[in-house]
There are 2 protein chains.
Amino acid sequence: MSINSDWIRGFTDGEGCFYVGLNKNKTMIMQIQVLPEFAIAQHSRDVKVLYQIKDFFNCGIVKKNNKEVMCYSVRNLKHLNTIIIPFFEKNELLTSKKFNFIKFRWIVKCMLERKYHLNELGLKKIIAIKKRMNTQKIKK
Amino acid sequence: MSINSDWIRGFTDGEGCFYVGLNKNKTMIMQIQVLPEFAIAQHSRDVKVLYQIKDFFNCGIVKKNNKEVMCYSVRNLKHLNTIIIPFFEKNELLTSKKFNFIKFRWIVKCMLERKYHLNELGLKKIIAIKKRMNTQKIKK
């Protein structure tokens, strides 16, 4: 039995995270770097399943979070916009993570289409939306 | 978009728990009560999805774990044996939880078919297998 769209939908409802990081970065125009990330963390004993997810989406990386935790991560805006977001538009989440996903999608689209992260007003809007997302961290 | 077998398989790989409790109970023949439980815990904001799972399996209860956490729980041995176990035999888990499931199934079958929990040797075997299960707790 293998991975498929509904399994990923269920697994993401359980373990997935749509997260927007805001990092101070003096090299950026607004001195703040906006970092949207889709991530799934697992104990290292289950790293195999993270590679299966990576193969399914054909994007992202599997990285080490700490000694016992591995993480599948997609940060590339183009991949988020053309692979991850369309997938979860088609394969709707059932938990409240879907509301996080909607805000996450808004931020990614505004960065790509309107460069909101590169001007003050846009950045303020992104920060306001980010504050309304669950304060969930990439856990495990 | 609604709940289906693969979503439940994925969600269980993320959030499900096959747990065997061992409680001191002087009214039991061996003074230990063996309590297998299939459980999925969620923040109370997502209690709706637990009721959807309950409706899907048509067994179990949704109960409060604490102020913020709700839990879908199946403890009835007959329901575990005729509904939950056959489901995960047909819909195989992809994470290491499947090994927990296999041990859990062994314990449920031995309780039902051989009454292992009611004699010393059987109980020792159950305790030995339970010790080899992940020490995961019903979390969140």
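Preceding this section is the structure that the text describes.
Structure report, in brief.

1. Points about the relation of the copies chain A and chain B
Reasoning step 1: Least-squares fitting of chain A to chain B yields an RMSD of 0.0 Å, with the superposition described by an axial translation of 0.0 Å and a rotation of 180°. One copy is carried onto the other by what is essentially a two-fold rotation axis.
Reasoning step 2: A symmetric contact is evident, with 100% of the interface residues of chain A recurring at the interface of chain B.

2. Quick word on the interface of chain A and chain B
Reasoning step 1: Counting from both sides, the interface comprises 19 residues of chain A and, opposite them, 19 residues of chain B.
Reasoning step 2: Looking at the side of chain A that touches chain B, the element that brings in the most residues is helix α1 (residues 5-15) of chain A, giving 9 residues.

3. Quick notes on the sheet that holds strand β3 (residues 61-66) of chain B
Residue and element names in this part refer to chain B.
Reasoning step 1: Strand order in this open sheet of 4 strands is β1-β2-β4-β3, and the pairing throughout is antiparallel. Because the sheet does not close on itself, it has two edges, and the strands there are β1 (16-24) and β3. When strand polarity is set aside, the average angle formed by the axes of neighbouring strands in this sheet is 40°.
Reasoning step 2: Here β1 runs beside strand β2 (residues 32-43); their pairing, made up of 9 bridges, is antiparallel. Paired with G21 across the strands is L35, a residue of β2.

4. So, the sheet that holds strand β1 (residues 16-24) of chain A
Residue and element names in this part refer to chain A.
Reasoning step 1: Across the sheet, 4 strands lie side by side as β1-β2-β4-β3; this open sheet has antiparallel pairing. Only two strands of the sheet have a single partner each, and these edge strands are β1 and β3 (61-66). Adjacent strand axes in the sheet meet at a mean angle of 40° when their direction is disregarded.
Reasoning step 2: As paired elements, strand β2 (residues 32-43) and strand β4 (residues 69-74) share 6 bridges and run antiparallel to each other.

5. A few points about the pairing of β3 of chain B
All names here are of chain B.
Reasoning step 1: Along β3, only 0 of the 6 residues are buried, which leaves the element largely exposed.
Reasoning step 2: In terms of strand pairing, β3 meets strand β4 (residues 69-74) through 5 bridges, oriented antiparallel. Its bridge partner being in β4, N66 is matched across the sheet by V69.
Reasoning step 3: Taken together, β3 and the strand that follows it, β4, pair antiparallel across an intervening segment of 2 residues.

Procedures and definitions
- Residues numbered from 1 in each chain as written.
- Chains lettered and ligands numbered in written order.
- Predicted model: local features only at pLDDT ≥ 70, side-chain atom pairs only at ≥ 80, totals over all residues.
- Least-squares fit on C-alpha atoms with pLDDT ≥ 70 in both.
- Contact = placed C-beta atoms within 7 Å.
- Helix = DSSP H or I, 4+ residues; strand = E, 2+ residues; numbered from the N terminus.
- Pairing = 2+ DSSP bridges.
- Axes fitted to C-alpha atoms, helices over the stretch in contact; angles between N-to-C directions.
- Buried ≥ 20, exposed ≤ 12 C-beta atoms within 10 Å, placed from the backbone.

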